[in-house]
Amino acid sequence: MLLQIKNIETVYYDRLYVIKGVSLELNEGEIRIVVGPNGAGKTTLLKSIAGLIKDQPRKGEILFANQNIARKSAEKISKMGLILVPDDRGLFPELTVEENLKLAGWDKKTDSYIFDIFPNLKAKLKEISNYLSGGEQQMLALARAILKKPKIMLLDEPSFGLAPKVVSELFRIIADLRKEFGMSFLIAEQNVRASIEIADYGYIIEEGKIVFQGTPSDLRDSELVKELYLGGSVKKPEKGWQLYKRKRRW
Amino acid sequence: MDYLIAGIQVGFIYALVSLGIVLVYRATRILNFAHPDFATFGIFIAIDILDKYGDKSAWVYILAGGAGAILSACVSFIIYFFIIYEGQKRGVSPLGLTIVTIGIAYFFQSLEIIIWGADPKAVPHFVSGKFSLMGIELTWHFAVIVVVSLTIMFILYLLIMKTRLGIALRAISQNLDASRTLGINVRFVVGFAFFLSSLASGIAGILIAPVYSVDQFFLFDPFLKAFIGAVIGGLDSPPGAIIGSLIVGITESLFGGYVSIKYKTAFIFFIGLIFLGIRPEGIFGKEIKERV
C-alpha cells in the first residue's frame, strides 16, 4: 500500500468540520478518483494530504510509504514524492513557461522527454504562463509535477474549465503516465464520465464523508452515481421528504 | 542644474533602499521597519574598521563598506530566519509581523547606543573633487553613487531574473502554496530576499554616510522617503520603486531649492498621500485583489 489514509478529520477555525473521518487507500500504479459535489470536501481532503492546511488533519493518520506524513510541511511531503496539482493549476502567472519548468528542476539537456508528452509546451517556452489557454496551463501544471518525479500525484479537478476534447486528451495523458512511469494518481473530480474511464477505484464523498466506494463498474451500477453524475436515473421520481433531503444534500 | 544633480544623487540612494523594501514586501507582504536599522548596524561596524585601519585609502573604504553591508545583510537574514519566519509559521498576519519589525528596530537602536554610544559620528569623504561632463560640473562623490547604484541594480536584476534562486523568489511572491508543493525552501529563499534588501540598503547607507552624521536614526529619513518612492512607483514593482525614488529625490531637491527647504519633506509626504488616494498600487504596481 503506497498511501493509506486512516480516519482523518480536518477542521477549520476549530469548529467547521470539513473532513469527517475519511479513510482511503492508493496502491502503486493505481488511479483512484474521489467524486463529489461542490463543497463536499474534495479540495480540503487533497490539501490535508499535501500538508497545505496548517496543523491539519487534526485526527487520523496519513501513511505514505509507511511513514506518517499527517501534519508534516508541504515542502517535506513534496520532497518525499507526493505532489499536488491544485484546482487553480498552481502556476506562477508572471513567470514564463520555461521558468515554471525550471522551478521543478527542468534541465534543457536531460529533460526533453517532457516535450514528447506535452509537445505544445515546446513552442511556448518563452511565453508568460498566464497567457496560455486553460488546457495548456493544465498541461504545464502536469509537466511541472512530472519533473519532480513523484510517486503519487494528487490532481484537484484537472478537467475544470476545459473543452471536452482537451479533457479526453488530458485523461489519456494521465493513463499514459501511469503506464510509462508507474505513477499513482488520486484525482478529485466532478467529471465522473471522463475520469471513471481511467480509474481503478472510486470514492463518493459527501459532506466530508465517504458515502460510497467501489470499482468503476460498481460506480456505474450505483444508483447514486447514475442519478447525479451519469444522468441515467432508473429510480422512481422522488417526492416530498425524499426530494427535500436530496436537494439539501446536493 | 545643481538642484537636479543633487536630486538624482539622493534619488539613487532612495532607489537602493526602496528596492530592499519592495523585495521583502513582494515576498512576504511585510513592511520591514527594521530595514534601516540593519543597515545602520553594518555602517557602525564599517566605521569601526575605518577607525582601526586609519589610512583611509580607497581600498580600506571599499573593504570596510563591503564588510559592513554584508554584515547587515547577514543580520537581516538571521532575523528573518529565526524570528519573522517563526511568526509566519505560527500564522501571524503580515500586519502583526510589520509591528514585530518595529520592535526589532527599537532593539537594534538600543543595542547600537549600548555599543557605540549616542553621539553622532562623522565619516570622512572617501572621494573628493569635481569633474566636468558635457559642460556640467559634477562631484566624484556623485559619480561614485550613480555608478555603484546602477551596478547594484544590475546585479540585483541578474540575480532575480536569471538565477534559479531569483526565480524561486518571484514564484513565492506569486503563489506561496504552489511554491511549497514544488518543494521550494520558502524559509531560505525569503531569507535571501531579506539578505539582498539589507545588502542594498547597507551599501546605500555607506555611500551617503559622509554627507550625514551617523547615529542610530540616520537612515530613518531616507527609509521613509524611499518608502514614499516605492508607494509612488508601486510597492510590488522593483523598476517602479527605482523610478518612484528618483521622482522623490528630484522633487525633494527642486522643491527645497526653489520653494522651501523647510517644507520639502512635508511636500514629499503630501505627494505620497495624493498617490495613495488616486493610484494606491503606484505607477507600475498591479491592483491587488483578494478573495474574501
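Up top is the structure these notes are about.
Okay, so let's go over this structure. Note that residues are indexed from 1 along each chain, following the sequence as it is written. In the order they appear in the text, chains get letters beginning with A and ligands get numbers beginning with 1. The predicted nature of this model means local features are confined to residues of pLDDT at least 70 and side-chain atom pairs, given and counted, to a pLDDT of 80 or more, with totals for whole chains, interfaces and linings taken over all residues. Each side-chain value is derived from all of the structure's non-hydrogen atoms; neither hydrogens nor water enter the calculation.

Once that is clear, we can look at the sheet that holds strand β4 (residues 59–64) of chain A. When DSSP finds at least two bridges between two strands, those strands are taken to pair. The way it works is that DSSP assigns letters per residue, a run of H or I at least four long becomes a helix, a run of E at least two long becomes a strand, and they are numbered from the N terminus. The antiparallel open sheet is built from four strands, whose spatial order is β2-β1-β4-β5 (chain A). Every other strand in the sheet has two partners, leaving β2 (16–26) and β5 (67–68) of chain A as the edge strands with one partner each.

Below, the discussion takes up the nonpolar core. Residue and element names in this part refer to chain A. Ranked by size, the top nonpolar core spans 136 residues in total, and within it Leu101, Leu103, Phe118, Met153, Ile174, Phe185 and Ile187 carry the most contacts. Those residues in contact with Ile174 that lie beyond four places of it in its chain are Ile31, Leu155, Phe185, Ile187 and Ile198. Among the nonpolar cores identified, the runner-up in size contains 30 residues, and Leu3, Leu52, Leu154 and Leu186 belong to it. We define a nonpolar core as any set of buried Ala, Val, Leu, Ile, Met, Phe, Trp, Tyr and Cys residues linked to one another through side-chain atoms lying within 4.5 Å. Residue exposure (1.4 Å probe, protein chains only): buried if accessible area is under 20% of the type maximum, exposed if over 50%, otherwise partly exposed. We call two residues in contact whenever any of their non-hydrogen atoms come within 4.5 Å of each other.

Turning our eyes to something else, we now look at the pattern of salt bridges. We define a salt bridge as a side-chain nitrogen of Lys or Arg found within 4 Å of a carboxyl oxygen belonging to Asp or Glu. Within the structure shown, the criterion is met by 21 salt bridges over all chains. With a shortest N-O distance of 2.7 Å, Asp200 of chain A and Arg178 of chain A are connected by a salt bridge. On the criterion of sequence distance, the pair formed by Asp200 of chain A in the loop between α8 (192–195) and β9 (201–206) and Arg178 of chain A in helix α7 (residues 164–181) is long-range, its members being 22 residues apart. Asp200 of chain A gets classed as partly exposed once you look at its relative accessible area, which sits at 29%. With a closest N to O distance of 3.4 Å, Glu281 of chain B and Arg279 of chain B form a salt bridge. Salt bridges linked by common partners bring Glu86, Lys89, Arg90 and Arg187 of chain B together as one network.

Residue and element names in this part refer to chain B. A helix is expected to span 1.5 Å multiplied by its residue count minus one. Over its 27 residues, helix α1 (residues 2–28) runs 39 Å from end to end, which matches the ideal 39 Å to within 8%, given 1.5 Å per residue. With 22 of 27 residues buried, α1 lies mostly within the body of the structure. Immediately beyond the C-terminal end of α1, within one or two residues, lies Arg29, with a positive phi of roughly 65°.

To continue, consider the packing of α1 of chain B against helix α5 (residues 140–162) of chain B. All names here are of chain B. Lines fitted to the C-alpha atoms define the axes, with helices restricted to the stretch that makes contact. Angles between their N-to-C directions range from 0 to 180 degrees. In the contact formed by α1 and α5, the axes pass within 10 Å of each other and the chain directions differ by 25°. Here α1 lies roughly parallel to α5, going by the angle between them. You can see that α1 and α5 cross each other, and the crossing is left-handed. Contacts between α1 and α5 involve Ile5, Ile8, Gln9, Phe12, Ile13, Ala15, Leu16, Leu19 and Leu23 from the first element and His141, Phe142, Ile145, Val146, Ser149, Leu150, Ile152, Met153, Leu156 and Ile160 from the second. Here the angle decides the label: under 35 degrees means roughly parallel, over 145 means roughly antiparallel, 65 to 115 means roughly perpendicular, and every other value means oblique. It is the rotation of the near helix from the far one that decides the hand of a crossing: anticlockwise by less than a right angle makes it left-handed, clockwise makes it right-handed.

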